[in-house]
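# Remarks on the overall topology
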Amino acid sequence: MPELPEVETIARELKPFLEGKRIVKIEIFKPELTVGISPEMLEGKTINRVRRRGKYLILDLSDGSGLLFHLRLTGRLYLNPGPEINPGLLIHTEGNLTLSFHDPRKLGRAYWHPAPDEFLSFLGPEPLAEGFTPQELYRILSERKASVKAVLLDQRNLAGIGNIYADEALFLAGINPRRPASSLSWEEAEKLYQAIREVLAEGIERRGTTLSAYRDAFGRRGENQLSLRVFRRTGKPCPRCGTPIERIKVAGRSSHYCPKCQPI
DNA sequence: CAATCAACCTGGGTGC
DNA sequence: TGCACCCAGGTTGATT
């Protein structure tokens, strides 16, 4: 579920509470959700910074190491959860705060790594970063033979885009998800660049998309599902031309598009 | 190297 | 209401 806007929302919410706080206790209830985390090693360290990279949430610790969370499809991070939550991991900090990580489907992971940026060095550029340009997107696309949708979803090319925002961006840009990435013209790449930035910024503004599982750090739903143009709107009219939205499989994922506005 | 696909798990929605 | 079936916002590792 959580793509860039959802993780960004959680990071922004946690930041004012957790930055500067010392970890006083860590409890692991579901070891299968954790990788490399040893409570004794981490207790006493301070959370220097809360940030996001791609779909990862990072807590930078005072010794340069980091706790990283990937929510995959159904993982959640709650600040001060209620008693009904069944956590896999609890991180208690000074100030009597608790960060809870849980995932009923057990696909999400919490990692500890001595050098978080090294751990995440496989990720492509941040699409919302100042330094990310249409030229760079065009270069990435022109080097790949796979479908443009597959290229957008591959985190090594661009970090943070998932199935929802890929479909939404391709619709805004008027590009068919099955088009080979390298077949896009410079003008199309430029359009796609703007579309990606727009849908991600909108997603953040509306605090993420809640179709089912996603909740923010306070357990609230996002609002972006109300603004989706094509994603999971099969059969409904295209917001631009009224043609029914179609669903097809691309890169193994269901993809939603307008056959008239996004011709092959 | 590139593309495809099954597997990881479980819960929610749908249709009979 | 019960049950079978399909689907899932992601990633990875095996296979072709």
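Bringing the packing of aromatic side chains into the picture now. For the coordinates displayed, the defined rule picks out seven aromatic pairs. For the pair Phe132 and Tyr193, a centre-to-centre distance of 5.5 Å together with 35° between the ring planes defines the contact as tilted. Here Phe132 is found in the loop between helix H3 (116-119) and helix H4 (134-142), whereas its partner Tyr193 is found in helix H7 (residues 186-205), with 61 residues between them in sequence. As far as the burial class goes, Phe132 and Tyr193 line up, both buried. A connected cluster of aromatic rings, assembled from ring pairs, spans Tyr56, Tyr111 and Phe119.

Our focus in this paragraph is the protein's contact with DNA strand B. The full set of residues close to DNA strand B is Pro104, Arg105, Lys106, Leu107, Lys145 and Ala146. Take the atoms of DNA strand B that sit within 4 Å of the protein: sugar and phosphate atoms are 63% of them. Here Arg105 contributes a side-chain N or O atom positioned 2.5 Å from a base oxygen of DNA strand B. Within the side chain of Lys106, a nitrogen or oxygen atom sits 3.1 Å from a phosphate oxygen of DNA strand B.

So, on to the sheet that holds strand E4 (residues 56-61). On the basis of which strands lie adjacent, the open sheet formed by five strands has the order E2-E9-E5-E4-E3 and mixed pairing. Here the strands that pair on one side only, and so sit at the sheet edges, are strand E2 (34-35) and strand E3 (47-53). When E2 meets strand E9 (residues 109-113), the two strands line up parallel, connected through two bridges. Pairing of Val35 across the sheet is with Tyr111, part of E9.

So, on to unusual backbone geometry. Positive phi, normally seen in glycine, also occurs at Asn96, with a value near 60°. Residue position: Asn96 is located in the loop between strand E7 (89-93) and strand E8 (97-102). For Asn96, a relative accessible area of 72% gives the class exposed. Positive phi, normally seen in glycine, also occurs at Lys106, with a value near 60°. Topologically, Lys106 is positioned in the loop between E8 and E9.

What follows concerns the packing of helix H6 (residues 163-173) against H7. Two numbers describe how H6 lies on H7: the axes approach to 8 Å, and their chain directions differ by 130°. Compared by their axis directions, H6 and H7 come out oblique. Read as a crossing pair, H6 and H7 show a hand that is right-handed. From H6, Tyr165, Glu168, Ala169, Leu170, Leu172 and Ala173 reach across to H7, where they touch Lys191, Leu192, Ala195, Ile196, Glu198, Val199, Leu200 and Gly203.

With that settled, the discussion passes to the sheet that holds strand E6 (residues 76-79). With antiparallel pairing, four strands are arranged side by side in an open sheet as E1-E7-E8-E6. The open sheet has two free edges, formed respectively by strand E1 (23-28) and E6, since each of these has just one partner strand. Averaged over all neighbouring strand pairs, the angle between strand axes comes to 15°, with direction disregarded. Alignment of E7 against E8, held across five bridges, turns out to be antiparallel. Opposite Ile91, over in E8, you have Leu99 as the bridge partner.

A few words on the pairing of E7. The buried fraction of E7 amounts to five of the five residues, a majority that puts the element mostly inside the structure. Side chains of E7 alternate between two faces, with Leu89, Ile91 and Thr93 and Leu90 and His92 buried alike. Pairing analysis gives five bridges linking E1 to E7, with the strands arranged antiparallel. Bridge pairing in E7 places Ile26 opposite Ile91. The antiparallel pairing of E7 with E8 creates a hairpin that spans three residues between the two strands, and Gly95 there sits at a positive phi of about 85°.

A few words now on the environment of Gly75. Here Gly75 shows up in the loop between strand E5 (66-70) and E6. For Gly75, a relative accessible area of 2% puts it in the buried group.

A separate point is the nonpolar core. What tends to happen in soluble globular proteins is that the nonpolar side chains get buried as a cluster. Counting 30 residues, the largest nonpolar core has Leu137, Leu141, Val148, Leu152, Leu158, Leu192 and Ile196 as its most contacted members. Listed by contribution, the elements that provide at least two residues to this core are H4, helix H5 (148-153), H6 and H7. The biggest single contributor to this core is H7, with eight residues. Among all residues touching Leu137, those that are not within four sequence positions of it are Phe132, Leu158, Ala189, Leu192, Tyr193 and Ile196. Leu18, Ile37, Leu61 and Leu97 belong to the second-largest nonpolar core, a separate cluster that totals 29 residues.

Rules used throughout
- Residues numbered from 1 in each chain as written.
- Chains lettered and ligands numbered in written order.
- Predicted model: local features only at pLDDT ≥ 70, side-chain atom pairs only at ≥ 80, totals over all residues.
- Heavy atoms only, no water.
- Phe/Tyr/Trp six-rings, centres within 6.5 Å; stacked < 30°, edge-to-face > 60°.
- Helix = DSSP H or I, 4+ residues; strand = E, 2+ residues; numbered from the N terminus.
- Buried < 20%, exposed > 50% of the residue type's maximum accessible area, 1.4 Å probe, protein only.
- Near = heavy atom within 4 Å.
- Polar contact = N/O pair within 3.5 Å; in protein donor to acceptor, adjacent residues only side chain to side chain.
- Pairing = 2+ DSSP bridges.
- Axes fitted to C-alpha atoms, helices over the stretch in contact; angles between N-to-C directions.
- Parallel < 35°, antiparallel > 145°, perpendicular 65-115°, else oblique.
- Left-handed = near helix turned anticlockwise from the far one by under 90°.
- Contact = heavy atoms within 4.5 Å.
- Core = buried A, V, L, I, M, F, W, Y, C linked by side-chain atoms within 4.5 Å.

By themselves, these are just geometric observations and shouldn't be taken as functional.
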